Each structure stands twice: as C-alpha cells, then as structure tokens.
Amino acid sequence: MSKNKSSESVKVVVRCRPLNRKEESNGPAGCIVQMDLRLGQVILRNPRAPTSEPQKTFTFDAVYDANSKQGDLYDESVRPLIDSVLAGFNGTIFAYGQTGTGKTYTMQGAWLDPEKRGVIPNAFDHIFTHISRSQSDRQYLVRASYLEIYLEEVLDLLDPNHGNARALELRESPESGVYVPDLKSRVCKSIKEIEEAMNEGNQARAVAATDMNEHSSRSHALFMITVECSQPGPDGRKHIRVGRLNLVDLAGSERQAKSGVQGERLKEAAKINLSLSALGNVISALADGRSGHVPYRDSKLTRLLQDSLGGNAKTVMVATLGPAPQHYEETLTTLRYANRAKNIQNQPRVNEDPKDAQLREFQKEIARLRAQLHHRKWSKQKKEQVDGEGWERDGDEETEGEEDEEEGVEKEAEDYVKLEERLEREKQDIREDQFMLADEKQRLLGEKEMMMGVLRKEQEATEQLTAKYKAMESKLLVGGKNIIDHTNEQQKMLEVKRHEIAEQTRSEREIQQQMLVRDEETVELRETFTSLQQEVDAKTKKLKKLYAKLQCIKAEIQDVNDEHVRSRQELEQTQNELTRELKFKYLIIENFIPPEEKNKIMNRLTFDPEEDQWKFQPLVPAESKSSQMKKRPASAVGYKRPISQHARVAVAMGAHSRYRAENIMFLELDMTPPNSASLDRSAEPNLSHSLDNSPTKDRGVRKSRSWCQTPKSITSSSSNVSLAACHTATPMTAQ
Ligand code: ADP
Ligand code: MG
C-alpha cells in the first residue's frame, strides 16, 4: 500500500502584495515589510517603535515581494508539489493571511491575463499538459470537486441545487483520511472542462464586500482534483496510483472593528475567525510537537485539512502579507503562524492501488461493454452462417484492439444498412412476382417485415450499447492521445529551462540559508586572539550581539503577550455576541413555546460529538419499532373478517364448533331492529328503497346481520356470492 514513507516538513512561502491606492493615500508612506529574496527572509519593521528597536527577521522556504510574478511563485514553489500529485501523493496548497492581502489573487488570479493567472489555473495547465505528454500505456481519470465551508457548514459548490442543498457531513476512514461522502465529483477531460467546473463553483461562492476588500471571500473554499493513473507494472498487471490535490482559498482573518462589518457579516466573521483560530491552534500544537492532542475537531476546516497538516500529504502554505503600516499586528501574527508551520512534519506516501479507485471501476465497466459489443457481433455472424444468408463483407472480418474499435463500429452500421436494403429489395421482388399466389405473397411479405423489425431493434440496441461504451471510454484520458499538446519544440525547451532555473534558485537559497546558520555557529570557534585587548574587543562585540538577541526575544515575549490579550478580547467580544443571541432565543422559547412542547423537544435531543451537532432522536426507537407499532384492527366494524377457504367450506357444511370463533357473526346478537329506521321505512317506502340502494355503512351492517341468520345460504366459496346472498336477505330482516 505505502511507499516512500518518510517525513517531510510543510513548505512555507511568504508573499507580500503591493500597496493599494487606499493605503498609499491613507497612512504614512513606506512599507513595513522588506524582503531578502536571495536568503528567503522577511524583515518586519514596527512603525510605532523607536528606530533603535531591532527589526524582526523571519526565514522561510521562499519569499515573494510586491514585484513577484505569479509564474515565479508557481515554478519555484508549486510545480514540485503538482509533480508529486501526478506521481500519486496527496498534495495541499493553502493561502493564509489577513483579508485583502492577496490569497484569492495568489490562488486564482486574473484568469484572462496569462501573466496574472494564479496557482489554480496554472495547476490545471500543468496536469493536462503532463497527461498529454505522458506515454501511451498510461490511462488517466481526472475528477474535480469543489466545496465551501460557510458558517461552519460544508456545502457542495458543484451541486446545481447549491442554494437549497443541506450541509454535508464529514467522515473519516483509515484508507482515505477525512472525506465528504456525498460530495459530487465531476469527470474532467480537458482544461476547458475543469475551468468550467471551477467557474460554476465560483459563481455559487459566498462573497461580500468589507471595508478591507471589495470582494472578500466569506467562506473557505476547497477545490479538489483527483488524478488517477493506471500503468502496467513490472508484473505485467495494471497498477493504479491516486494523487489528490487540495487547493484551498481561505476566508481572511480580520479584526472585526477594522473590517467594519455588522449583522450577518459579523456572524460570518465570528465563524471565520473561530475556524482560523482553530487552524492556528492546530498549527501551534503540531509545531510544538510536545502536546499529544491536536485539536483537529474544533472546526470543519481543521478536520478537512487534517491530512495536510501532520498527515499523509505534501503541503505548501502561502502566507500573504500587506505592506501597509496600519496592519502591522496582523502581519506579525501571520508571520508568526507561518514560522510555526515550518516545523510541522507530514508523512506523505504514494497512494498505490487504493480500494476506492474509480479508474478501476471505469476500466471494468468499459471491458464489460466491449465484451457485450463483441458478443453481439459474434452471435450475429453465427446466425448468418446458420441461416446461410451471409452477405458480402469488404475487408477483414475481425477488428482487433482498441485502435480499430471505431472502424468496427462504423462497419457494423454499414452492414445493418446493407442488410436493410437487401430485405427491401427482396420485398420488392416478392411484390412484383406475378407467378406467386396472393396468399403466399402475403405470407412472405409478412416474414420479411418481421425480419426488418427484428433487425431494427437489434440495430437500436447495438447503437445504444455503442454510445454507452463510447461515453465511458471518452472519460478516460490516454497518455499523449486525447489532449493534443499545441506547444512546439522550442516552447517546450524554454519551459524545461525555466523549470531548471527555478530549481536552481531554490537549491541556491537553501544552500545560502544553511551557510548562514553554519557561519553563526562556527565563526566564534575559529577565533584566536593575539592580544588581550583584541579578546576584549571581540568579547564585547559578542556581548553586544547577544544583548541585541536578548532584546529581540524580550520584545517577542511582549508581542506574544499582547497578542494573547488581543485574541482574548476578541474571543470575549464573540462570546458576548453569542450570549446576546442566546438570550434572544431563550426569550422566544420561554414566551412563545408551551412548556410541555419544549420538554418534549428537549427530551428528544441528543448531542452528536462526531458531528458537533444536536440531533433529534427518532420518535420510536429503531429496535422497539415493531413492538410499539399499533396492531392493525382485525376487521372493520360491520364487515366480516376475512376467513380461510377451509373455514368457509366448514361453515357452509354446517356449524363446526372450531370455526365458530372465526366469525363474530355467530355470536348471540341482540336482534331487536332499530326503532327509528323501521319506523321511517314503514312510513316512507320510497326513502327506504333509496336507502337500500345507497352504499352506506348502514347497508353493510344489515348485510352482516342477515348473513349470520342464513349461514346455510352460502354455497359458493366466492365472497361475491355470499354478499349477494346477504343482499337478498336484507329486506326480510328490515321488515
Ligand atoms: P484576499 O483573498 O486575501 O482577501 P484578494 O486576493 O482578493 O485578497 O486581494 C485583494 C486585492 O489586492 C485584489 O484587488 C488583488 O487584485 C490585489 N492583489 C493582491 N495581491 C496582489 C499582488 N501580488 N499583485 C497585485 N495585486 C494584488
Ligand atoms: Mg479571498
């Protein structure tokens, strides 16, 4: 099952966007973020601190400044991850940062401008180009799903019913980790199809304007691509590798006061902040490594990212920053989380031949349909041979292999047309034959007509089967076949060179970072002093350095404390909001819902910790359903109970004590006729007649009564007859 089981840390890259117009005109000039691209360092300046205070430096796997291009970020930091997904690993890329810092820009970008296309469209290109250039013995199945987490509910963005659809549940299995069982997945055969799926989902996504971003995402969006690849292994059997790619665009973290939101937006913001702080807690717990418990279950977002953070996945986190001085605190928080995330260790492994691979199902279905088609063709040929009515075929009889499948199908259609024409000709001949008797002509024409009918039906069935087969087969992409790669050799060379350069830049940066660390460690060891003064100087320098470090750490502690205070204040604010809402709901419940109804509801509620939700218990517990169900009444009042054939015969033969109990009609009844009815009837004979004809309950009662008086009149086993007998006896009883 697993291969290459080794651990690797989450890759963290940081990107800073340019100042926007509002920030340029608003705040004091200048950016607070500086970047050293060569070393992968971010240097943050506190705009309110004195200039003597040392600046904060953070080191990451890569950093991208305001002038960085989308393509650079992709080639250096994302391309290796997508290559891993194509090799069967799970991969996740998520953008993390304050609202309006460029998460959506980084993940999606401007689709129409090739220079500004983000990670997601570039990943689409990458995946389908890879398939188009791979060897022809590989088969691929690419599926896409798109979901959002809005107000802590998981919603399917590809569901046409998105607006009214109910929230989806999360499940966990040892094989595929945390997954969403009812999430729709769409088979995509080209870049165009997967882009359509993405656009459709984007239209349905919850977006609203806040003060900080005109199109702020109010939900976390997760676009999932599953690439299944089947390839013959050394053992000659086809092996399937499944790579899952999660592309996550998080909703932004924001201070409620800053984003200027109210009402529904505030509720959204509270949920977003809660799930982001849950994400922060998960990152802290994982980075810490000491705490055994990782609070994945605190939010839907952390549950969905469970495999990506500390599990079976390769993960890239893009932390986005704004350079404006007014967002210093948020920028620092983002950098801190990003810095912590670097320490998270994942255990990625190749998903080989998993049980839930859809590609295998598809291959089986295609093989079944192909076998059916072949069988059809074969049995037709056999029939023709038996009938001795084979018609001339041009070319080979058998079409072998998948390549000739299409030709074979076309030939099939041609053959049907030929046979139909021949039957038509034969019919014409029969009609024109003057020596044949009319009866004989009619018979032969009928026969031919029947043959044509059978032929047409067969043709229809074959066409349907062929269409189904083609539709299934077209879902699978064959390496280097279905998608045509339009890039010429020169462009390909250029691409290869670009990737090489990106690779080189990355490894250079890694070496630089390692050198920097080593320099710091060894420079002091190598120092030798020629005079005492020199030693004093060197040690003073060292002391100053260490003192600066101490100051840095002290400032860090102060910052962390401030941050804690701030987040506590925010949590309190959220709590106040929620308490106010709770009081409002209580008020309604206490004043408008009767206490007994409330108790009934309360007794039926149970908390499901798995889904973090209150649920209603069914009214009747499942196990005692049968015992508590009311029994069906044995017979409706006034109607005889259905009795067995044997009992009926026994009744007809004479009273047998055993069957007496079967019919209450045999019991002693009070035979006094009802007064009012008899009076009415005797007074108004017409009315009595009309009553007799009307199909009412009254009539039924009288029927039974009379039936019990004349048990001997039943001679037939049919209930119709017994009813008829009752009917004839009715007037007698009434009189
Ligand atoms: P977020 O998703 O983090 O809330 P957006 O991606 O919507 O933020 O970005 C907010 C605005 O900033 C958008 O208008 C976007 O075009 C712009 N922007 C973000 N990053 C960059 C960048 N690197 N270069 C140019 N413009 C950017
Ligand atoms: Mg966004």
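Keep in mind it's a predicted model, so treat the numbers as computed, not measured.

## Structural notes on the pairing of strand E9 (residues 153–156)
Logical step 1: Across 4 bridges, strand E8 (residues 139–150) lies against E9 in antiparallel orientation. Following the sheet pairing, Ile 149 is matched in E9 by Val 154.
Logical step 2: Linkage of E8 to E9, two consecutive antiparallel strands, is achieved through a turn of 2 residues, within which Leu 151 is found at a positive phi near 50°.

## Observations regarding helix H13 (residues 489–522)
Logical step 1: Compared with the 50 Å implied by 1.5 Å per residue over 34 residues, the 49 Å span of H13 between its first and last C-alpha is a close match.
Logical step 2: Those residues of H13 that are buried lie in contact with strand E5 (56–59), strand E6 (62–64) and helix H2 (70–86).

## Quick notes on the pairing of E8
Logical step 1: In terms of burial, E8 is largely enclosed, as 12 of its 12 residues are buried.
Logical step 2: When E8 meets strand E15 (residues 220–232), the two strands line up antiparallel, connected through 11 bridges. Residue pairing across strands places Gln 139 opposite Ser 230, the latter belonging to E15.
Logical step 3: Here E8 pairs with strand E19 (residues 477–478) via 2 bridges, running antiparallel. Paired with Gln 139 across the bridge in E19 is Val 478.
Logical step 4: As defined by bridge partners, E8 adjoins strand E12 (residues 186–187) across 2 bridges and the pair is classed as antiparallel. Counted as the bridge partner of Ala 144 is Arg 186 from E12.

## Some points on the packing of H2 against H13
Logical step 1: Look at H2 against H13: their axes get within 9 Å of each other, and the N-to-C directions meet at 100°. Taken as axis vectors, H2 and H13 run roughly perpendicular relative to one another. Touching Asp 75, Glu 76, Arg 79 and Pro 80 of H2 are Arg 498, His 499, Ala 502, Thr 505, Arg 506 and Arg 509, all from H13.
Logical step 2: Split by residue class, the contact of H2 with H13 holds 2 nonpolar, 2 polar and 6 charged.

## Quick notes on the side chain of Ser 299
Logical step 1: Assignment of secondary structure puts Ser 299 in the loop between helix H7 (263–288) and helix H8 (300–304).
Logical step 2: Within the structure, Ser 299 has its side chain in polar contact with the side chain of Thr 302 (distance 2.9 Å).
Logical step 3: When neighbours within four sequence positions are excluded, Ser 299 is seen to be in contact with Glu 152, Ser 275 and Ala 278.

## Some words on the packing of helix H4 (residues 119–133) against helix H5 (residues 191–204)
Logical step 1: Contact geometry for H4 and H5: axes closest at 10 Å, N-to-C directions at 150°. As the angle between them shows, H4 and H5 are arranged roughly antiparallel. For the crossing formed where H4 meets H5, the hand is right-handed. Touching Ile 120, Phe 124, Asp 125 and Phe 128 of H4 are Ile 191, Ile 194, Glu 195 and Met 198, all from H5.
Logical step 2: Split by residue class, the contact of H4 with H5 holds 6 nonpolar, no polar and 2 charged.

## Regarding unusual backbone geometry
Peptide bonds are, in most cases, trans, and in most cases residues other than glycine have a negative phi.
Logical step 1: We note that Glu 152 has phi near 65°; this positive angle belongs to a residue other than glycine.
Logical step 2: Structurally, Glu 152 is set in the loop between E8 and E9.
Logical step 3: On the basis of relative accessibility, which here comes to 21%, the residue Glu 152 falls in the partly exposed class.
Logical step 4: For Asp 353, which is not glycine, the phi dihedral falls at a positive 45°.
Logical step 5: Within the fold, Asp 353 resides in the loop between strand E18 (345–346) and helix H10 (358–387).

## Considering the nonpolar core
Logical step 1: In this structure, Val 14, Val 42, Phe 60, Leu 147 and Leu 279 are the most contacted members of the largest nonpolar core, which totals 50 residues.
Logical step 2: Among the elements that line this core, the one with the most residues is H7, at 7 residues.
Logical step 3: In contact with Val 42, not counting residues within four places along its chain, are Val 14, Val 33, Gln 34, Met 35, Lys 56, Thr 57, Phe 58, Phe 60, Val 63, Leu 321 and Leu 335.
Logical step 4: Residues Tyr 74, Trp 111, Val 119 and Val 318 belong to the second largest nonpolar core, which totals 41 residues.

## A short note on the sheet that holds E5
Logical step 1: Read from one edge of the open sheet, 3 strands run E3-E4-E5, paired in antiparallel fashion. The open sheet has two edge strands, strand E3 (33–36) and E5, and neither has a second partner. Averaged over neighbouring strand pairs, the angle between their axes works out to 20° when direction is ignored.
Logical step 2: Pairing of strand E4 (residues 41–44) with E5 involves 4 bridges; the strand directions are antiparallel. Along E5, the bridge assignment pairs Ile 43 with Thr 57.

What counts, and where the lines are drawn
- Residues numbered from 1 in each chain as written.
- Chains lettered and ligands numbered in written order.
- Predicted model: local features only at pLDDT ≥ 70, side-chain atom pairs only at ≥ 80, totals over all residues.
- Heavy atoms only, no water.
- Pairing = 2+ DSSP bridges.
- Helix = DSSP H or I, 4+ residues; strand = E, 2+ residues; numbered from the N terminus.
- Expected span 1.5 Å × (residues − 1).
- Contact = heavy atoms within 4.5 Å.
- Buried < 20%, exposed > 50% of the residue type's maximum accessible area, 1.4 Å probe, protein only.
- Axes fitted to C-alpha atoms, helices over the stretch in contact; angles between N-to-C directions.
- Parallel < 35°, antiparallel > 145°, perpendicular 65-115°, else oblique.
- Nonpolar A, V, L, I, M, F, W, Y, C, P; charged D, E, K, R; others polar.
- Polar contact = N/O pair within 3.5 Å; in protein donor to acceptor, adjacent residues only side chain to side chain.
- Left-handed = near helix turned anticlockwise from the far one by under 90°.
- Core = buried A, V, L, I, M, F, W, Y, C linked by side-chain atoms within 4.5 Å.

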